[in-house]
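Listed below are the residues making up each chain.
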Amino acid sequence: MNSSDATSGNSGARFGGLTEARLVTWILVAFLVWIPLQTPVAVLAHQYLHVSDRIAQGILLLKDVWAAGLIAVLGLKHAREIRFRWFDWSALAFVVFVGLYSVIPTLLGSRLPALAIISSARELLVPVELYCLGRLAGYAGVSASALVKAFIAAAAGAAIFSVGAFLVLPQSFWQTGYNLVGFVHDVQGITSATSLWAASLVGAYGDSGQFLRAAGPFTHPVGAAVYFSLPFILAVCAAWTTNLRRTTAAILVAAGLVLFGLAILTPISRGIWIGFLIAVAVLGVTLRKYRLAVVTVVVFCAIVVLVAPFKYALSSAADGSDGSAVAHGSALWYGIQWCLNHLLGGGVGQGDQYGAIYSAGSGADAAGVGENMYLMTYASVGPFGLLAIVAFFAAMLWETINRIHESVPVWVSVGVGAALLASLVAAMSASTLMRFTTAASIWLLVGVVVAAPVTGQRVTVADLRQRFGRFRRRAPAEPA
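We now turn to the structure provided with this report. Here, residues in each chain are numbered from 1, in the same order as that chain's written sequence. Local features in this predicted model are restricted to residues of pLDDT 70 or higher, and side-chain atom pairs are both shown and tallied only at a pLDDT of 80 or more, whereas totals for entire chains, interfaces and linings draw on every residue. Only hydrogens and water are removed before side-chain values are computed, so all heavy atoms of the structure are retained for them.

Observations concerning the overall build of the chain
Counted only if it meets this: Put simply, DSSP marks the helices as runs of H or I at least four residues long and the strands as runs of E at least two long, and each gets a number from the N terminus on. Relative accessibility thresholds used throughout: buried, under 20% of the residue-type maximum; exposed, over 50%; partly exposed, between the two (1.4 Å probe, protein chains only). Residue contacts follow a heavy-atom distance rule, with two residues in contact if any of their heavy atoms lie within 4.5 Å. The Shrake-Rupley method, run with a 1.4 Å probe sphere, supplies the accessible areas, and residue values consider only the shown protein chains as cover.
Counting its secondary structure elements, the chain contains 18 helices and four strands. For the chain, with 480 residues in total, the buried portion stands at 52%. Excluding contacts between residues fewer than 6 apart, the proportion of contacts in the chain whose partners are at least 24 apart in sequence is 78%. Counting every atom, the chain has about 19900 Å² of accessible surface; 67% of that belongs to carbon and sulfur.

Okay, here's the thing in C-alpha cells:
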C-alpha cells in the first residue's frame with residue numbers, strides 16, 4: 001500500500017448523497033464509539049436481561065464482523081490502487097507465519113482444540129487487521145484529524161466513567177450492580193476469575209492493603225490503561241504543539257490532560273507508566289520540547305511517588321512484597337526458558353491466554369507463555385514470525401514519529417506514534433496490544449496516519465542523534 005496514493009479520486013464517489021470519504025468516516029466513528037460501549041452492553045444484557053453466554057459473546061464479536069466486513073468492501077473497491085511498501089510485506093509475512101503455525105502443528109499431531117487455535121490467531125492478527133483497515137480508509141479519503149478527534153471524544157466519555165467509578169463507587173459494585181467478575185468468568189471463559197482479586201480488579205501492595213484498580217468500560221485494568229494512554233499522549237502532544245491562546249482550546253486541552261492522566265493512573269498499571277515516560281522523552285527529542293518533556297516527567301513521577309495508592313504499587317515492587325510483581329517475574333522467566341527449549345516456537349495457541357484457557361481439559365499440552373507480548377509471539381509463531389512483526393512495529397514507529405505530515409497536524413501524527421511506543425514498552429509485561437477491544441483504536445489510527453500523504457520534513461537518524469545529545473546536555477536550559 002502506497003501512502004502517496006492514500007487520497008484517490010475514487011473517494012469522491014457518492015452513496016445516497018454522501019461521499020465515500022464521509023460515509024466511511026461515519027462508519028469508523030461509530031466503530032470507535034462502539035468499542036468502549038460493547039463490554040458494558042454485553043455485561044448488562046447478560047446480568048439483567050439474562051441473555052445466554054453465547055449471545056453475550058456474539059455482542060463482543062460484533063466488532064470483529066464490523067471490521068472484517070469494512071476491510072472486504074474497501075479492499076474490493078480500491079484493489080487497483082493498493083501499492084505495497086516494504087513494511088506491508090513484513091505484515092503480510094507475519095500473517096503467513098500465523099497461518100503456517102496454525103496448521104502445521106495440527107498436521108504433526110498437536111491436539112490443541114480448534115477453538116484455542118482460532119482464538120489465538122484472532123488475537124495475533126489484531127495489529128495487522130486494524131492497520132489494514134486504517135490504510136484502506138486512507139484510500140477512501142478519510143481524514144486522520146477528524147477520526148482522531150472523534151476518537152478523543154469517545155475516549156473522554158469512557159474516561160469519565162472509568163475515573164468517576166473509581167472515585168465514587170465501592171469495590172462491591174463490580175461484583176453486584178455491575179457483575180464484571182461473573183461476566184469474565186462465564187462469558188469470557190476465564191474460570192480463575194472468581195473474585196475481585198482473581199479478576200485483577202483489586203490489587204494488594206505489600207502491607208498497605210487492597211485497592212481498587214480502575215477497569216472502566218473494559219474487563220481488565222491493564223487493558224484500560226493501554227486504551228487511555230493514546231488519548232493522554234495525544235493531549236500532551238497537543239498541549240506542546242498547538243496554539244492555546246484561545247480560551248476554549250486551552251480549557252479543552254487542560255481538561256484532557258487531567259481526565260486522561262487520571263485514566264491511566266487509576267488502573268495502577270506500572271508497565272504503561274514506564275511506557276508513557278519513555279514516550280514523553282522521545283516526544284521531547286523529536287519536537288525539540290526539552291523543558292516541557294522534563295517538566296512532564298517530573299510532575300508525573302511526583303504524583304506516582306507521592307500519592308496513594310500509586311506509591312504503594314512502586315514501593316511494594318521495589319522491596320519484593322508485591323505478589324503481582326513477583327508473579328510477573330516468574331512468568332517472564334518461565335517464558336524465556338520455554339522459548340529457549342523450543343527454538344522454533346510451538347504453534348498458535350501455545351502462547352496466548354485464550355489458547356491456554358480453551359485447551360484446558362482437552363489433554364493438549366498448551367505452554368501458556370504469557371505476561372510478555374514478545375515471548376508470547378515467539379511461542380506462537382517462532383523466531384521468524386516474531387522478527388516479521390517486530391520489523392512491522394519498528395516501521396510504524398518510524399512512519400509516524402519521524403515525519404511531519406502537512407496533511408495531518410503534528411500533534412496527531414507524532415502523538416499517535418508516541419502512544420504506540422508507550423504501548424510497545426508496556427507489552428513487555430502484557431499482551432494488551434494484541435487485544436482487539438483495547439488496541440483496535442491505536443492500530444486503526446496508526447494505519448490512517450501512515451496512509452496520509454507526506455509532503456513535510458523527514459527527521460533523519462543523524463538529526464535524532466543530534467537532538468538527543470542536546471537533550472542530555474542542555475535539557476534544563478532549553479526554552480519551552
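After that view of the structure, there is still more to cover.
What about the environment of Tyr290?
Along the chain, Tyr290 falls in helix H11 (residues 290–306). C-alpha of Tyr290 to C-alpha of Val280: the two residues are ten residues apart in sequence and 9.8 Å apart in space.

Examining the packing of aromatic side chains
The condition is simple: Under the pairing criterion, centres of Phe, Tyr and Trp rings, with the six-membered ring standing for Trp, must be within 6.5 Å; the plane angle then separates stacked pairs below 30 degrees from edge-to-face pairs above 60, leaving the rest tilted.
A full pass over the atoms with the stated rule returns 20 aromatic pairs. Arranged with centres 5.7 Å apart and planes meeting at 75°, the rings of Phe31 and Trp66 form a pair that is edge-to-face. Pair noted here: Phe31 is in helix H1 (residues 20–48) and Trp66 is in helix H2 (residues 53–77), with a separation of 35 residues, a long-range link. The exposure class of Trp66 is partly exposed, given its relative accessible area of 26%. Here the aromatic rings of Phe173 and Tyr178 are separated by 5.9 Å at their centres, their planes lie at 5°, and the arrangement is stacked.

Focus on the nonpolar core
So the rule is basically this: Note on terminology: a nonpolar core comprises buried Ala, Val, Leu, Ile, Met, Phe, Trp, Tyr and Cys residues joined through side-chain atoms within 4.5 Å.
By size, the foremost hydrophobic cluster in this structure holds 119 residues, and its most contacted members are Phe228, Met396 and Trp443. Top element by residues in this core is helix H15 (residues 373–401). It accounts for 16 residues. With residues up to four places along the chain from it excluded, the contact list for Met396 reads Phe87, Tyr131, Leu420, Trp443, Val446 and Val450. In this structure, Ala45, Ala56, Ile59 and Leu60 belong to the second largest nonpolar core, which totals 26 residues.

Quick notes on a nonpolar patch on the surface
Using the following cut-off: Surface patches are drawn from residues lacking salt bridges whose relative accessible area is over 30%; two like charges belong together within 9 Å, two nonpolar side chains (Val, Leu, Ile, Met, Phe, Trp, Tyr) within 5 Å. Throughout this description, the term salt bridge denotes a Lys or Arg side-chain nitrogen within 4 Å of a carboxyl oxygen of Asp or Glu.
Taken together, the side chains of Phe84, Trp89, Leu92, Val95, Val96, Leu100, Ile104 and Leu108 present a nonpolar region at the surface, about 750 Å² in accessible area. With respect to the element layout, Trp89 can be found in helix H3 (residues 86–107).

A short note on H1
Short version of the rule: By this rule, a helix spans an expected 1.5 Å times one less than how many residues it contains. Values of bend correspond, residue by residue, to the angle between axes fitted over the seven residues ending at that residue and the seven starting there.
Taking 1.5 Å per residue, 29 residues should reach 42 Å; H1 reaches 39 Å between its end C-alpha atoms and fits that length. Along its length, H1 reaches its greatest deviation from straightness, about 45°, at Leu37, and the proline Pro40 lies no more than four positions downstream.

Quick word on helix H6 (residues 144–168)
To keep it simple, the criterion reads: Polar contact is the term for a pair of N or O atoms within 3.5 Å; when the atoms are in protein, one must be able to donate a hydrogen and the other to accept it, and sequence-neighboring residues count only if both atoms are side-chain atoms.
With 25 residues, H6 should cover 36 Å at 1.5 Å per step; its first-to-last C-alpha distance of 36 Å lies within 8% of that length. The distance from a side-chain oxygen at the start of H6 to the backbone nitrogen of Ser145 is 3.4 Å, and the residue carrying that oxygen is Ser143.

Some points on the pattern of salt bridges
As enumerated under the stated definition, the model contains seven salt bridges in all. In this structure, Lys77 engages Glu20 in a salt bridge whose closest nitrogen and oxygen atoms are separated by 3.3 Å. Residue Lys77 is located in helix H2, and its partner Glu20 is located in helix H1; the two are separated by 57 residues in the primary sequence. Glu20 gets classed as buried once you look at its relative accessible area, which sits at 2%. The salt bridge involving Arg85 is made with Glu399; its shortest N-O contact spans 3.3 Å.

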